[in-house]
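Letter by letter, the chains look like this.
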Amino acid sequence: MKRAFIVLGSSVLVLVAVLVFRAATVKSRQIHAEPVKDLAIDARAAAGRLAAAIRFPTVSHENGENVERAAFLGLHEHLQRSFPRVHAALSRETVADYSLLYTWKGTNPSLAPILLMSHQDVVPVEPGTEKDWTHPAFSGLIDGGWVWGRGTLDDKVGVLAILEAAETLLARGFQPQRTVYFAFGHDEEVGGHQGAAAVAALLERRGIRPELILDEGGLIAEGMVQGIDKPVALIGTAEKGYVSVELVAEAAGGHSSMPPRHGAIGKLAAAVEELEGHPMPARIDGATKRSFEYLAPEMPFVPRLVLSNLWLFAPVAERQFAADPAANARIRTTTAATVFQAGIKENVLPHRARAVVNFRILQGDSIEAVLRHVRETVGPEIRVSATGVTKTEPSPESPDTAPDFALLQRTVAQLFPGTVVSPNLLSGGTDTKHYLRLSGNVYRFLPIRMHAEDLARLHGTNERIGVENYGEIVRFYAQLLRNGATSPQPLS
Ligand SMILES: [Zn+2]
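Residues numbered from 1 in each chain as written. Predicted model: local features only at pLDDT ≥ 70, side-chain atom pairs only at ≥ 80, totals over all residues. Heavy atoms only, no water.

Structural notes on the overall build of the chain
Selection criterion: For the purposes of this entry, the term helix denotes a DSSP run of H or I that reaches at least four residues, the term strand denotes a run of E that reaches at least two, and both are numbered from the N terminus. C-alpha atoms define the radius of gyration, and 2.2 Å times the number of residues to the power 0.38 defines the globule rule. Here's how the labels work: a residue is buried when its accessible area is under 20% of the maximum for its type, exposed when over 50%, partly exposed in between, all with a 1.4 Å probe on protein chains only. Here, residues are in contact when the closest pair of their heavy atoms is within 4.5 Å.
Each helix and strand counted, the chain has 14 helices and 19 strands in total. Relative to its length of 492 residues, the chain is compact, with a C-alpha radius of gyration of 25 Å against a globular reference of 23 Å. Reported as C-alpha extents along the three principal axes, the dimensions of the chain are approximately 80 × 75 × 45 Å. For the chain, the proportion of its 492 residues judged to be buried stands at 54%. Across the chain, the fraction of contacts at a sequence separation of at least 24, relative to all contacts at a separation of at least 6, is 83%.

Quick notes on the pairing of strand β6 (residues 180-185)
Rules: The rule for pairing is simple: two strands pair if DSSP sees at least two bridges between them.
Burial analysis of β6 places six of its six residues in the buried class, which makes it a mostly covered element. Where burial is concerned, the two faces of β6 agree: the one with Val 180, Phe 182 and Phe 184 and the one with Tyr 181, Ala 183 and Gly 185 are both buried. Looking at chain direction, strand β3 (residues 114-119) and β6 are connected through six bridges and run parallel. The residue bridging His 119 from the neighbouring strand is Gly 185, located in β6.

Concerning the packing of helix α2 (residues 43-54) against helix α14 (residues 467-484)
Here is the rule: All axes here are fitted lines through C-alpha atoms, helices being fitted over the stretch that makes contact, and every angle between N-to-C directions spans 0 to 180 degrees. Orientation is classified from the angle alone, with under 35 degrees giving roughly parallel, over 145 giving roughly antiparallel, 65 to 115 giving roughly perpendicular, and any other angle giving oblique. Residues are grouped as follows: nonpolar covers Ala, Val, Leu, Ile, Met, Phe, Trp, Tyr, Cys and Pro; charged covers Asp, Glu, Lys and Arg; every other residue, Gly included, is treated as polar.
Viewed as axis vectors pointing N to C, α2 and α14 meet at an angle of 95°, and their least axial separation amounts to 9 Å. The angle between α2 and α14 falls in the class roughly perpendicular. Mapping the contact onto sequence places Ala 43, Arg 44, Ala 46, Ala 47 and Leu 50 in α2 and Val 467, Tyr 470 and Gly 471 in α14. Of the residues contributing to the contact of α2 with α14, the split by class is six nonpolar, one polar and one charged.

Side note on the coordination of the zinc ion
Counted only if it meets this: Here the term donor refers to an N, O or S atom within 2.8 Å of the metal (or 3.2 Å for Na, K and Ca), and because water is left out of the atoms, sites may appear incomplete. Here a site with four donors is tetrahedral if all angles are between 85 and 135 degrees, and a site with four or six donors is square planar or octahedral if opposite donors are over 155 degrees apart and the other angles are between 65 and 115; anything else gets the irregular label.
Distances from the zinc ion to its protein donors, His 119 (NE2), Asp 154 (OD), Glu 216 (OE) and Glu 216 (OE), fall within 1.9 to 2.4 Å. Coordination geometry of the zinc ion: the four donor atoms subtend angles of 54 to 143° at the metal centre, consistent with an arrangement described as irregular.

Focus on the sheet that holds strand β10 (residues 241-250)
Sheet architecture is open: four strands sit in the order β12-β14-β10-β15, paired in antiparallel fashion. The sheet is open, and its two borders are formed by β12 (334-342) and β15 (382-392), each paired with just one other strand. Averaged over all pairs of adjacent strands, the angle between their axes in this sheet comes to 20°, without regard to strand direction. Examined bridge by bridge, β10 and strand β14 (residues 352-361) share 10 bridges and lie antiparallel to one another. Bridging across to β14, Val 248 finds its partner in Arg 354. Sheet strands in contact with helix α7 (residues 264-277) are β10, β12, β14 and β15, and its direction is about 150° off that of β10.

Describing the nonpolar core
Using the following cut-off: Each nonpolar core is a collection of buried residues, namely Ala, Val, Leu, Ile, Met, Phe, Trp, Tyr and Cys, held together in the definition by side-chain atoms within 4.5 Å.
If you look at the biggest cluster of nonpolar residues, it comprises 85 residues, and the most contacted ones within it are Trp 104, Phe 182, Phe 476 and Tyr 477. Ranked by residues supplied to this core, first place goes to helix α5 (residues 156-171) with 10 residues. When near neighbours in sequence (up to four residues on either side) are disregarded, Phe 182 contacts Leu 90, Leu 100, Leu 101, Tyr 102, Trp 104, Leu 115, Leu 116, Ile 162, Leu 163, Ala 166 and Leu 481. The next biggest cluster of nonpolar side chains, apart from the first, holds 24 residues, and it includes Val 245, Leu 247, Leu 268 and Leu 275.

Quick look at a nonpolar patch on the surface
Let me state the cut-off plainly: Any residue with relative accessible area above 30% and no salt bridge may belong to a patch, with like charges joined within 9 Å and the nonpolar Val, Leu, Ile, Met, Phe, Trp and Tyr side chains within 5 Å. Note that accessible areas follow from Shrake-Rupley with a 1.4 Å probe, and for residues the cover is restricted to the protein chains shown. In the sections that follow, a salt bridge refers to a side-chain nitrogen of Lys or Arg positioned within 4 Å of a carboxyl oxygen of Asp or Glu.
On the surface, Val 12, Val 16, Val 20, Phe 301 and Val 302 cluster together into a nonpolar patch covering about 390 Å² of accessible area. Listing elements by their share of the nonpolar patch, those giving two or more residues are α1 (2-25) and α9 (301-307). For the nonpolar patch, the element with the highest residue contribution is α1, accounting for three residues. Within the secondary structure, Val 12 sits in helix α1. Judged by relative accessible area, which is 44%, Val 12 ranks as partly exposed.

What about the packing of aromatic side chains?
Convention followed: By convention, a stacked pair of Phe, Tyr or Trp rings (six-membered ring in the case of Trp) has centres within 6.5 Å and planes under 30 degrees apart, an edge-to-face pair has planes over 60 apart, and any other such pair is tilted. As a reminder, the over-ring test applies to NZ of lysine and CZ of arginine, requiring each to be within 6 Å of the ring centre and within 35 degrees of the ring normal.
The final tally for this structure, using the stated rule, is 11 aromatic pairs. Here the aromatic rings of Phe 182 and Phe 184 are separated by 6.3 Å at their centres, their planes lie at 20°, and the arrangement is stacked. Judged on exposure class, the residue Phe 182 and its partner Phe 184 are both buried. Among the aromatic side chains, those forming a connected cluster through ring pairs are Tyr 102, Trp 104, Phe 174, Phe 182 and Phe 184. Sitting over the face of the ring of Tyr 294, Arg 29 holds its NZ or CZ atom 5.3 Å from the ring centroid. Seen from the ring of Trp 146, Arg 464 lies directly overhead, with NZ or CZ sitting 3.6 Å from the centre.

Considerations on the pattern of salt bridges
Counted by the stated rule, this structure contains 20 salt bridges. For Glu 381, the salt bridge goes to Lys 267, with nearest N and O atoms at 3.1 Å. Taken together, the positions of Glu 381 in the loop between α12 (367-378) and β15 and Lys 267 in helix α7 put the pair 114 residues apart, joining distant regions of the chain. You can call Glu 381 exposed: its relative accessible area is 55%. When its relative accessible area of 22% is taken as the criterion, Lys 267 is described as partly exposed. Note that Asp 454 is salt-bridged to Arg 457, the shortest N-O span being 3.0 Å. Its relative accessible area of 16% is what places Arg 457 among the buried residues.

Focus: helix α3 (residues 69-82)
For clarity, the cut-off: Any helix carries an expected span of 1.5 Å times its number of residues minus one.
Over its 14 residues, α3 runs 20 Å from end to end, which matches the ideal 20 Å to within 8%, given 1.5 Å per residue. Looking at the buried residues of α3, the elements they touch are α2, α4 (84-89), β1 (91-95), β2 (99-104) and α5.

Thoughts on the sheet that holds strand β4 (residues 142-143)
The three strands are arranged β4-β5-β19 in an open sheet whose pairing can be described as antiparallel. The open sheet is flanked by β4 and β19 (464-466), the only strands paired with a single partner. In this structure, β4 lies alongside strand β5 (residues 146-148), joined through two bridges in antiparallel fashion. Paired with Asp 143 across the strands is Trp 146, a residue of β5.

Here's the deal with the environment of Ala 478
Note that Ala 478 resides in helix α14. Taking the relative accessible area as the measure of exposure, Ala 478 reaches 0% and is therefore buried. Distance in space between the C-alpha atoms of Ala 478 and Leu 39 is 8.2 Å, their sequence separation being 439 residues. Setting aside residues no more than four positions away along its own chain, Ala 478 makes contact with Leu 39, Ala 165 and Leu 169.

As structure tokens, this is what we get:
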């Protein structure tokens, strides 16, 4: 007995020693770079041009109907007026009526190009919330150090900042060696099926294979990563897939005075509850696992101990993450019931009840796997089918070991000293889904500084961006082009 204790005791000691050793020796993946000093931007003037762009209500309506033609054309004109050097030195093509593709020819055609992306369209303001805005959503006002309005975070900020960066570089006589493309879709908020899809197809027809594609989708999180006080630049290296699944239950309709035990509504409600109660399995791998390799070394000892020993602690960590919606979304395909429709009158049993459940698909799962999971979970009495225009498989993961990632990391280190950089899995979708055939190096990042309480501004009320932060974003794109468009292949 005593001997057994001794053996057990010593193996626990060995285990603890291994865990502590791993936690203590895990190496930081952060790099140091000298801050950039020779890239002054007049942030106030640049913010004025962004503010003016906000005043064109380029709203994407559901189902892609009623394109705001005048707003898009007005925005195009505004861009042309605001960035004369860009419009003299670069070629601009209009694709699918409203999307824009700029080409900045490089001096060395043998180098693979860089593609910077953003989108011109914005989501509508939810009816009834207009009066909650400090300044009206399309007023484009600058007040209190902020540019206010729809599109200041998502994603006119990207369009204007990219052009502003190019204008700044051109004024200094900059000439890229690599060809640089800017692609600004016009229907990202409804899937990009017209705009981004057409631009991507055009580039593909021309045989263009970008070395690097950079779109929106990552940000600088301030106070949002537990255990890290420094700002964290989250560079999206992968994004989840997307499918909406329609569930239909049918039953005998009729008078509600003599109902069956289960009507269509009851059956469907039970099915939805089953789905919520049986999510798809959790997994810490891919971009999420990779992000822990970057974040853990910057954390205090206990979380570092857990995250650098996932071979042992994964089940514990998964249970912890599952309790928090944002963390849960990083480790599994999520299940969200979003539509439930049935019934026309209080005393009539409906023949049919319909629900839609939206799934964001984790790498390793697939649309097919989701449909199989739903069918198995709800049983044969519920009709199951994929619905909606957007159906996307999870993206491949872009490598954090590629020179392109290093380029982004270096540019962040130069302009945002003291910021921790990490790869990241995006639970939302971007226009990059249409570009995945063109390059294996697709990243999603735009250095907007965000606190947890700002997240509600995205697609929400009081969307705004700091004037100073906007200046930083312009400098980021300019420095990225200086770093990336002048170096010989491969990027590094
Ligand atoms: Zn967006």
